[in-house]
Amino acid sequence: MTTRTALVLGATGGIGGAVARRLRQEGWTVRALHRDPDRAARGGPDGLDWVRGDAMVPADVIAAAAGTSLLVHAVNPPGYRDWDRLVLPMLDASIAAAKGAEARLLLPGNVYVYGRDAGPSPGADAPQTPRTAKGRIRIAMEARLRASGVRSLVVRAGDFFGPRTSANSWFSSALVRPGRPVRRVLDPGTPGIGHQWAYLPDVAETMVRLAGREAELPRFSAFNMDGHWDPDGRQMIAAIARAVGDVPVWRFPWMLLPLAAPVWPLAREIREMRYLWQEPVRMSNAGLVEFLGAEPHTPLDAAVRETLAGLGCLAERPRAEAAHC
């Protein structure tokens with residue numbers, strides 16, 4: 001059997017780590033680039049070949065990608081600082097590396113690329129019209145891939161949640177507080193308005209299944225996931241309550257964000273994305289289901305409980321789970 005080798009950028013993050021773990025389970029050799037590989041090896045996924053390098057340095061990425069057939073670009077600038085300025089040059093480095101290795105480049109995508117003209121249930125080929133600064137950059141990233149000629153795979157999904165969700169996700173930065181039992185839930189939604197979520201292990205499973213069918217993929221491939229659709233904005237909170245018991249639900253303080261913006265730059269970007277909590281936008285997974293036959297899907301209650309355990313938010317959690325905090 002031919003050994004398959006992948007390079008994962010962002011293997012210490014939520015989606016990058018989930019994909020790296022799933023690739024290893026499927027028998028792939030997985031390299032992971034990190035500026036401090038010794039530290040990453042202690043806290044990151046097991047069984048990876050850690051390589052010293054910086055995802056913002058093209059030569060490092062090109063060297064690490066040599067001999068691979070898949071490059072997972074799941075990385076962001078440290079602390080998301082200067083994201084708007086650095087994210088495209090970082091992608092350019094990955095494109096150059098994938099081109100040199102003749103590898104497929106896998107990019108996790110999201111709903112930001114769609115505007116109102118895409119309708120309430122955009123398919124993978126729906127028009128892309130940005131409504132926010134992040135949306136414009138996301139569209140530019142996908143456009144770079146198309147124009148590059150590199151074999152590319154974009155998998156778009158809703159807001160991430162999962163046992164190792166990053167601190168920048170809505171679930172772990174608003175709904176709950178990682179490392180603490182759930183005493184309250186902070187709700188950014190609008191009653192009656194649906195919202196799309198994506199469980200990280202399901203996203204990783206989807207990506208790995210698609211990567212495993214390389215010979216059938218077009219040169220540029222894009223798929224949308226359905227994930228967990230919360231039809232009235234209450235089901236995710238209800239699932240948390242079933243896992244931990246009834247807890248108070250507080251409204252997210254949207255009105256305070258303008259006051260926080262001068263000292264917290266991320267506040268402006270969060271405010272821009274409020275429309276996704278005010279209007280139902282449910283990406284259609286019809287193309288994905290046609291290709292795979294079904295979308296990997298963990299039941300909501302099981303997914304939420306695993307997420308809370310992994311984030312250290314269950315009072316009765318075992319010590320091994322608490323160590324992930």
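The structure under discussion appears in the preceding block.
Residues numbered from 1 in each chain as written. Predicted model: local features only at pLDDT ≥ 70, side-chain atom pairs only at ≥ 80, totals over all residues. Heavy atoms only, no water.

> Would you explain empty space enclosed by the protein in this entry?
Where empty space is left in the structure can be found by rolling a water-sized probe over the atoms. Evaluated as defined, the whole model comprises one cavity of 30 Å³ or more. Taken as a whole, the largest cavity encloses approximately 90 Å³ of empty space. Residue lining of the largest cavity: 15 residues in total, with Asp 187, Trp 197, Asp 230, Gly 233 and Trp 277 positioned closest to the centre. Of all the elements in the fold, those that place two or more residues in the lining of the largest cavity are strand S9 (195–199), helix H8 (235–244) and helix H11 (275–278). Here the residues of the lining of the largest cavity are counted per class, giving eight nonpolar, five polar and two charged. (1 Å grid on protein atoms, 1.4 Å probe; cavity = no way out; pocket = protein on both sides within 12 Å on 5 of 7 lines; lining within 4 Å. Points joined across faces, edges and corners; volume = space filled by probe spheres on them. Helix = DSSP H or I, 4+ residues; strand = E, 2+ residues; numbered from the N terminus. Nonpolar A, V, L, I, M, F, W, Y, C, P; charged D, E, K, R; others polar.)

> So what exactly am I meant to see when it comes to the pattern of salt bridges here?
Within the structure shown, the criterion is met by 15 salt bridges. Ionic pairing is found between Arg 144 and Asp 92, a salt bridge with its closest N-O pair at 2.8 Å. One end of the pair, Arg 144, is in helix H5 (residues 133–148); the other, Asp 92, is in helix H4 (residues 83–101), and 52 residues separate them in sequence. For Arg 144, a relative accessible area of 32% corresponds to the partly exposed category. Taking relative accessible area as the criterion, Asp 92 reaches 34% and is therefore assigned partly exposed. In this structure, Asp 187 and Arg 251 form a salt bridge, with 3.1 Å as the shortest nitrogen-oxygen distance. Of the two residues, Asp 187 sits in strand S8 (residues 185–187) while Arg 251 sits in strand S12 (residues 249–251), which places them 64 residues apart along the sequence. A relative accessible area of 3% places Asp 187 in the buried class. One network of salt bridges, with partners in common, ties together Arg 22, Glu 26, Glu 205 and Arg 209. (Salt bridge = Lys/Arg side-chain N within 4 Å of Asp/Glu carboxyl O. Buried < 20%, exposed > 50% of the residue type's maximum accessible area, 1.4 Å probe, protein only.)

> Would you take a moment to explain H5 for this structure?
Each α-helix turn comprises 3.6 residues. Residues three or four places apart therefore point the same way. Look at H5: 23 Å from first C-alpha to last across 16 residues, which is about the 22 Å you get at 1.5 Å a residue. Buried residues of H5: Lys 134, Gly 135, Ile 137, Arg 138, Ile 139, Met 141, Glu 142, Leu 145 and Ser 148, and no others. Here the buried face of H5 lies against H4, strand S5 (104–110), strand S6 (152–157), strand S10 (220–224) and helix H10 (266–272). Of the residues one or two after H5, Gly 149 is the one with positive phi, at around 80 degrees. (Expected span 1.5 Å × (residues − 1). Contact = heavy atoms within 4.5 Å.)

> Honestly, the packing of helix H3 (residues 58–65) against H4 in this entry has me stumped. Any pointers?
How two helices pack is summed up by the angle between their axes together with the distance between the axes. For the pair H3 and H4, interaxial distance at closest approach is 8 Å and the crossing angle is 30 degrees. Of the possible angle classes, the one that applies to H3 and H4 is roughly parallel. Here H3 runs over H4; the crossing is right-handed. Residues Pro 58, Val 61, Ile 62 and Ala 65 of H3 pack against Ala 93, Ser 94, Ala 96, Ala 97 and Ala 101 of H4. Of the residues that constitute the contact of H3 with H4, the class distribution is eight nonpolar, one polar and no charged. (Axes fitted to C-alpha atoms, helices over the stretch in contact; angles between N-to-C directions. Parallel < 35°, antiparallel > 145°, perpendicular 65-115°, else oblique. Left-handed = near helix turned anticlockwise from the far one by under 90°.)

> I keep staring at the sheet that holds strand S1 (residues 5–9) and nothing clicks. Help me out?
One open sheet holds the seven strands; their spatial order is S3-S2-S1-S4-S5-S6-S10, and the pairing between them is parallel. Each edge of the open sheet is held by one strand with a lone partner, namely strand S3 (49–52) and S10. Ignoring strand direction, the axes of neighbouring strands in this sheet form an average angle of 20 degrees. Inspection of the sheet shows strand S4 (residues 70–73) paired to S5 by three bridges, in the parallel sense. Along S5, the bridge assignment pairs Val 72 with Leu 106. (Pairing = 2+ DSSP bridges.)

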